[in-house]
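Chains, contacts and geometry: an overview
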Amino acid sequence: MMRGLSGVSRRGGRFSGGGRIAFAAAALLFAASGAAAQWLHAAPGGVRETAPTVAPEIVRAVRHDPSAFTQGLLFHDSLLYESTGLVGFSGLRRIDPRSGAARYSVALGGDYFAEGIALFGGEIVQLTWKNGVALRYEFPALRRDRLPPFRYAGEGWGLTNDASRFIMSNGSDTLYFRDKKFEIARAVPVTLNGKPLMHLNELEYAKGFVYANVWYKNFIVEISAESGIVRRVIDCSELVRIEGPPVIDNVLNGIAYDERGDEWYLTGKRWKNIFVVKLPK
Ligand SMILES: [Ca+2]
């Protein structure tokens, strides 16, 4: 399955200011070190910093339904919630994070292709890929017959929220902050080492940062919600290795954060495992 790609938005380098003196001083400093080559590749007028790569510490693994095409994952009050995609297979599940067993699941039917989910304002809101609607479930009953869906333009990929807004991805390099009525309040282009980072997918917000899967990549990026700059790259290749030989489309996707335990639940589309991990401070 290929996914169409939305428009690319761009912006200038990380540092638009900075005079010639600072430029020269920094050039001398870099020339004196092994970083000179990197400096030479920096954009004119700006220093490109390289985001460090860190590896998660695997705490345990939990069974994951290998038929679940994971598009959204969140943790709330000792339970996991998972959104699964593909037309005919889309749904929402409530999962016991100790056993991996589904306690409850609802199938969407129709031509819905479900995507990311967020629990915000007393509802679980579930994006759809190209249906143009975000489905709304009363929480914790998970009823959606009494709440009209939100409507939005373009594709839906990942969804999470901070204290006051939804945060959504659509396959581009931009995070869209949406208010409680799902109107766009802010758009933040995301950059990794000074370049636009496309294909932002499943999302999770924690403590000022947005954590994002990147479609077809074995890493998660830690993005400043304020600036859109990637602070760290979280290399998940060990999880991918344990999971076994990759099958097409079954990519790393799904991030949920348990704040109380300071643990992260990471999985992938049709994976056998949900990995519980810690991230370096
Ligand atoms: Ca998530």
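How each quantity is defined
Residues numbered from 1 in each chain as written. Predicted model: local features only at pLDDT ≥ 70, side-chain atom pairs only at ≥ 80, totals over all residues. Helix = DSSP H or I, 4+ residues; strand = E, 2+ residues; numbered from the N terminus. Buried ≥ 20, exposed ≤ 12 C-beta atoms within 10 Å, placed from the backbone. Contact = placed C-beta atoms within 7 Å. Pairing = 2+ DSSP bridges. Axes fitted to C-alpha atoms, helices over the stretch in contact; angles between N-to-C directions. Core = buried A, V, L, I, M, F, W, Y, C linked by C-beta atoms within 7 Å. pLDDT = per-residue confidence, 0-100.

Digging into the overall build of the protein chain
- Along the backbone of the protein chain there are 3 helices and 23 strands.
- Within the protein chain, buried positions represent 39% of all 281 residues.
- Restricting the contact set of the protein chain to residue pairs at least 6 apart, pairs at least 24 apart contribute 52%.

Observations concerning the sheet that holds strand 6 (residues 102-107)
- Strand order in the open sheet formed by 4 strands is 3-4-5-6, with antiparallel pairing between adjacent strands. The outermost strands of the open sheet, each flanked by one partner alone, are strand 3 (70-76) and strand 6. Strand-to-strand twist in this sheet, taken as the mean axis angle between neighbours without regard to direction, amounts to 15 degrees.
- As paired elements, strand 5 (residues 91-95) and strand 6 share 5 bridges and run antiparallel to each other. Residue pairing for strand 6: glycine 91 is matched across the bridge by alanine 107.

Considerations on the environment of proline 140
- Considering the arrangement of structural elements, one finds proline 140 in the loop between strand 9 (133-138) and strand 10 (150-151).
- For proline 140, a count of 15 C-beta atoms within 10 Å translates into the label partly exposed.
- Sequence separation between proline 140 and isoleucine 124 is 16 residues; the distance between their C-alpha atoms is 8.5 Å.

Focus on the nonpolar core
- With 54 residues, the main nonpolar core has Val125, Leu159, Val210, Ala212, Val221, Ala256 and Tyr265 as its most contacted residues.
- Core analysis: the next-biggest nonpolar cluster, separate from the first, contains 5 residues, Leu108, Tyr112, Phe113 and Ala114 among them.

A look at the confidence of the model for the protein chain
- Here the protein chain averages 87 in pLDDT, while 83% of its residues score no lower than 70.
- Predicted confidence for residues 1-45 stays below pLDDT 50, and this span has 44 contacts to residues more than four positions away or in other chains.

Digging into the pairing of strand 8 (residues 123-128)
- Burial analysis of strand 8 places 5 of its 6 residues in the buried class, the great majority of the element.
- Here strand 7 (residues 114-120) runs beside strand 8; their pairing, made up of 5 bridges, is antiparallel. The residue bridging phenylalanine 120 from the neighbouring strand is glutamate 123, located in strand 8.
- Between strand 7 and strand 8, which follow one another and run antiparallel, lie 2 residues, and glycine 121 among them has a positive phi close to 65 degrees.
- Where strand 8 and strand 9 come together, 4 bridges link them in antiparallel fashion. Opposite glutamate 123, over in strand 9, you have glutamate 138 as the bridge partner.
- Between strand 8 and strand 9, which pair antiparallel and follow one another directly, the connecting turn spans 4 residues, one of which, glycine 132, has a positive phi of 75 degrees.

A look at the environment of glycine 154
- On the secondary structure map, glycine 154 appears in the loop between strand 10 and strand 11 (159-161).
- The class of glycine 154 is partly exposed, set by 15 C-beta atoms lying within 10 Å.
- Between the C-alpha atoms of glycine 154 and lysine 130, which are 24 residues apart in sequence, the distance is 7.0 Å.

Remarks on the sheet that holds strand 21 (residues 252-258)
- Sheet architecture is open: 4 strands sit in the order 2-23-22-21, paired in antiparallel fashion. At either end of the open sheet lies a strand with only one pairing partner, and these are strand 2 (57-63) and strand 21. Strand-to-strand, the axes of this sheet are offset by a mean angle of 25 degrees, without reference to chain direction.

Description of the environment of arginine 94
- Tracing the chain through its elements places arginine 94 in strand 5.
- Arginine 94 has contacts with Leu79, Tyr81, Ala102, Arg103 and Tyr104, leaving out every residue within four places of it along the chain.

Quick notes on the pairing of strand 20 (residues 230-235)
- As paired strands, strand 1 (residues 53-54) and strand 20 are joined by 2 bridges and run parallel to one another. In the strand pairing of strand 20, valine 54 is matched with isoleucine 234.
- Pairing analysis gives 5 bridges linking strand 19 (residues 219-224) to strand 20, with the strands arranged antiparallel. Considered in strand 20, the bridge of phenylalanine 219 is made with aspartate 235.
- The loop that links strand 19 with its antiparallel partner strand 20 comprises 5 residues; one of these, glycine 228, has a positive phi angle of about 80 degrees.

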